[in-house]
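Notes for the structure review
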Amino acid sequence: LSPTLLDIARDPRASGETRLNALAAAAPTGPLDAATFDLSLASFAPEKDLAVRISAARVLASYELNLEQKTAVLNVLAAAGPMELYEVLPAFERNPNEALGLKLVETLKSARGARNLRADRLRTIFAKYPESVQSAAKELYARINADAAQQAEHLTAYAAKLPAGDVRRGQI
């Protein structure tokens, strides 16, 4: 089934969304060729529908990307929303290097969807990088944890305003 799906993904006569869905459904088999990478990266653009962006993010994360391809993904990462950002991050777990890791940290500091990431998930990704990258990521963790503390404080304030309910009945 995977070879057939890959044939569909590489067929320029098929629509971009069909090609992307075929690529997402196929079992990852090594690196992405230039044409399918370009399709996936173009589908990751912020003006695309969320479902298309998430499919593109999953494709980019599941296939083996070379350093040039990872750098290209980094160049569009800042505009990514939280859902697609979370999906694409596993692409940076494989074959980590210091320069790429430092650029990833800087990109995530300004990324639109980074506030909604979990610090523990980022720690897992950055644990595979050299100490210099892990150290640079500490500021990112602090920002995310500060946002989480702010959100918790906000929820506590709302909870105090809610009327008491009856837990046994599941109602107010």
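For clarity, every value in this text was computed on a predicted model and none was experimentally measured.

Rules of the game
- Residues numbered from 1 in each chain as written.
- Predicted model: local features only at pLDDT ≥ 70, side-chain atom pairs only at ≥ 80, totals over all residues.
- Heavy atoms only, no water.
- Core = buried A, V, L, I, M, F, W, Y, C linked by side-chain atoms within 4.5 Å.
- Buried < 20%, exposed > 50% of the residue type's maximum accessible area, 1.4 Å probe, protein only.
- Helix = DSSP H or I, 4+ residues; strand = E, 2+ residues; numbered from the N terminus.
- Contact = heavy atoms within 4.5 Å.
- Axes fitted to C-alpha atoms, helices over the stretch in contact; angles between N-to-C directions.
- Parallel < 35°, antiparallel > 145°, perpendicular 65-115°, else oblique.
- Left-handed = near helix turned anticlockwise from the far one by under 90°.
- Nonpolar A, V, L, I, M, F, W, Y, C, P; charged D, E, K, R; others polar.
- Expected span 1.5 Å × (residues − 1).

A word on the nonpolar core. Nonpolar side chains in soluble globular proteins tend to end up buried together. Residues V73, L77, F92, L104, L108, L122 and F126 are the most contacted members of the largest nonpolar core, which totals 45 residues. Looking at this core element by element, the count peaks at 6 residues for helix α4 (residues 50-62). Excluding residues within four positions of it along the chain, L122 makes contact with L89, L108, L117, L140, Y141 and I144.

With that out of the way, let us pick up unusual backbone geometry. Not every positive phi belongs to a glycine, and N95 is a case in point at roughly 50°. Along the chain, N95 falls in the loop between α6 (82-88) and α7 (98-110). Of the residues examined, N95 reaches a relative accessible area of 55% and is grouped as exposed.

Turning next to the side chain of Q69. When you line up the elements, Q69 lands in helix α5 (residues 67-77). Owing to a relative accessible area of 8%, Q69 belongs among the buried residues under this scheme. Beyond its immediate stretch of four places on either side in the chain, Q69 contacts L32, D33, F37 and E64.

A few words now on the environment of E98. Mapped onto the elements, E98 comes out in helix α7. Residues E98 and S132, spaced 34 residues apart in sequence, show a C-alpha to C-alpha distance of 7.4 Å. Filtering out sequence-adjacent residues up to four positions away, E98 remains in contact with P130, S132 and V133.

Its location among the elements puts Y63 in the loop between α4 and α5. The exposure class assigned to Y63 is buried, which follows from its relative accessible area of 2%. When the C-alpha atoms of Y63 and A119 are compared, they prove to be 24 Å apart, with 56 residues separating the residues in sequence. When residues no more than four places from it in sequence are discounted, the contact partners of Y63 are L6, L23, A26, A27, P28, T29, G30, L32 and R94.

Right, let's talk about the packing of helix α2 (residues 16-25) against α4 for a bit. At a minimum axis separation of 9 Å, α2 and α4 run at an interaxial angle of 40°. It follows from the interaxial angle that α2 and α4 lie oblique. Regarding α2 and α4, the two cross each other, and that crossing is left-handed. Together, E17, L20, N21, L23 and A24 of α2 and V52, S55, A56 and V59 of α4 make up the contact between the two elements. Taken together, the residues of the contact of α2 with α4 break down into 6 nonpolar, 2 polar and 1 charged.

In a regular helix each residue adds 1.5 Å, so 13 residues correspond to 18 Å; α4 covers 18 Å between its end C-alpha atoms and thus fits that length. Taken together, the buried positions of α4 are V52, R53, I54, S55, A56, A57, V59, L60 and A61. Where α4 is buried, its residues touch α2, α3 (34-43), α5 and α6.

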